[in-house]
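A closer look at the structure
Here is how the chains run, residue by residue.
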Amino acid sequence: MKLKSKPQDFRVQELLAEGYLEKRGRWRVYRVTKKKITSFEAARMLAELARVEPADVGMAGLKDRQGITTQYMSVIGGRPVRWTSSELKIEQVGFASGPMTSGCSEGNAFEVTLRNLTDDLMARVGPALEEVKQHGFVNYFGEQRFGNLRFGQGWIARDLARGDLESALKNLLCGRSAQDDERHKAFKELLAARWGNWRACRDIAGKFGAHHSVFEVLAKDPEDLLGALRRVAARLRLIHLYAWQSHVWNRAVEQYVHSVTPRAERLYVDTIEGRITFARGALNADPAFRNLFRLPGAGLEDVAHARQRELFVEVLREEGLRPDEFRIDGVGGFQLKGEERALVVYPRLLRSFTDARDPGRVTLAFELPRGAYATLLVARLLGQSPEPYAPRGFEGSGGGGGESGDRRRGAPDRRGGPQRGRGRPDDDEDDDFDEFADEEPERPVERAPHGGRGPRGERGPHRDRAARADGARGPAPSARPAPADAEPSNEGERGAPRTRAPRSAPFLPPGVAGSASRARGGSGGAKSKAKKTNKDKGKPVGRRKPGRANPKRDE
């Protein structure tokens, strides 16, 4: 059984909170549709087109680069933007009185196509759909959250909590993975062989072009491991922190689900992070939980429920820690913060579609609240994790198991990505655990012409950097934009249903709340009446006056 064999097999549509879009406001709101690129890169492209800083772009969360995803981004100031290419489409849909943040999203609508299902799995889908519609499913964190295991780095945050700073740094920089290409494999082997000789490691890192500043700190002061860790990209530190915190939550919840579910009702699924247990029927959870299971903060000080605290204490004992040691002090970006997390989630509009021409194929359509993972719903329905999970790119995309262009395109800019609304990466996103992501030069997507230059024969921004990119990344995409009305390519897609406009309904058990009907994802303002010409396609649209928007044109 295969998931994400092709980009069109995984579609995500962000659901805006009602009332966020307005007819007027200081922030422009854009609908951004992307294919096989990260949310960070799409936001940087939007910032570049709008002529603003990346920090001026707001978004509610991250979306998986391995598919065709649609989300909303806000920009304060700058120029209006309209852009269409084979990988990215940006269109203004309205205005807002504040930036796009996590609170502006109600969740995501998914359309997931599974291929090569056996007869047994096909027979399982129908009954499992009815079970999940009625009883929901346990809201575990998905495999996307645990890329540290795919990249062979282990639990960096756990090493830090134990006070083993050197092991944390070494595992982060030298952890080996089957996904390493020859170049990165050789780099890690050289670092590991000379570990402790910080001047030699600094020279190796300088030649490779990654982590030079980390070893520069150690070369000056071999005892300053904290200073070296502070040189690791802040986003990477946060991702490793969330990975371990999520692992602790998953282990505690798995123990609880196992303990309250009769043997005959248990459904076991093996994942990269360990075995998880689902209940086929309703989960017999303590009503005092109110369907919430605390994501623990530092020292478990915020875990009020005795049974939940008892489970976390047991998990930490297995991790080699006491409850008071569940904290990381002295390293910025590693501060544990707790929050409530739903124990069971209830998908909306869950349905399946089959194709008589392809008996082993099924398409699932559904909506999930923020923080819930589509791959976990698939695992619950089929009784197994979808495989293969390909974090570096789709099968047949040319990326192979090495340093694919898809993964390189996901590398964040050294200048930093959007800051507003970033927060915890909790959407169904393939978090990038690549320890070299912040060090390698990025390969840009199809860039817009800069500074009013002509669309042909001119260099776009960062073109020189792209020319120096590693040859393994493949040829850079054409800088010539697609027609303005073109949609992201859906080649090879036949018979797959389009996700209908979702209806509004709370993510609650059936019968708890009523339903209402409203359109989502539509335009918050009237369409632009400005005449489009060929020279406008793929280029930012200027204003009559830079300091004042034209409401007839921009609303």
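First, a word on scope: everything that follows refers to the structure included in this document. (Residues numbered from 1 in each chain as written. Predicted model: local features only at pLDDT ≥ 70, side-chain atom pairs only at ≥ 80, totals over all residues. Heavy atoms only, no water.)

**Here's the deal with the overall build of the protein chain**
Which entries qualify depends on this criterion: Under the scheme used here, helices are H or I runs from DSSP no shorter than 4 residues and strands are E runs no shorter than 2 residues, and both carry numbers assigned from the N terminus. Any residue under 20% of the maximum accessible area for its type is buried, any over 50% is exposed, and the rest in between are partly exposed; the area is computed with a 1.4 Å probe on protein chains only. Any pair of residues with heavy atoms lying within 4.5 Å of one another is described as a contacting pair. Note that accessible areas follow from Shrake-Rupley with a 1.4 Å probe, and for residues the cover is restricted to the protein chains shown.
When its secondary structure is counted, the protein chain shows 15 helices and 16 strands. Going through the 555 residues of the protein chain one by one, you find that 56% of them count as buried. In the protein chain, the proportion of contacts linking residues at least 24 apart, taken out of those at least 6 apart, comes to 78%. Within the structure as shown, the protein chain displays about 23400 Å² of accessible surface, and the carbon and sulfur contribution to it stands at 47%.

**Focus on the pairing of strand β16 (residues 358-368)**
Our working rule: At least two bridges found by DSSP between two strands is the condition for calling them paired.
Judged by how many residues are buried, β16 sits mostly within the fold: nine of eleven residues are covered. Bridging between strand β8 (residues 105-115) and β16 involves seven bridges; their strand directions are antiparallel. Bridge pairing in β16 links L114 to V362. With six bridges joining them, strand β15 (residues 348-355) and β16 adopt antiparallel strand pairing. Note that in β16 the partner of F353 across the bridge is T363.

**A closer look at the pattern of salt bridges**
Once their charged atoms are close, side chains differing in charge can pair, the charge on each being opposite to the other. Rules: Here a salt bridge means any side-chain nitrogen of Lys or Arg lying within 4 Å of a carboxyl oxygen belonging to Asp or Glu.
Going through the model one piece at a time under the given rule, you end up with 22 salt bridges. The residue E273 makes a salt bridge to R251 at a minimum N-O spacing of 3.1 Å. In this pair, E273 sits in the loop between β10 (266-271) and β11 (274-279) while R251 sits in helix α10 (residues 234-260), placing the two residues 22 residues apart along the sequence. With respect to burial, E273 and R251 carry one shared label: buried. Between E340 and R294 there is a salt bridge, with its nearest N and O atoms 3.4 Å apart. One end of the pair, E340, is in strand β13 (residues 339-342); the other, R294, is in strand β12 (residues 292-295), with 46 residues separating them in the sequence. By relative accessible area, which is 43% here, E340 ends up partly exposed.

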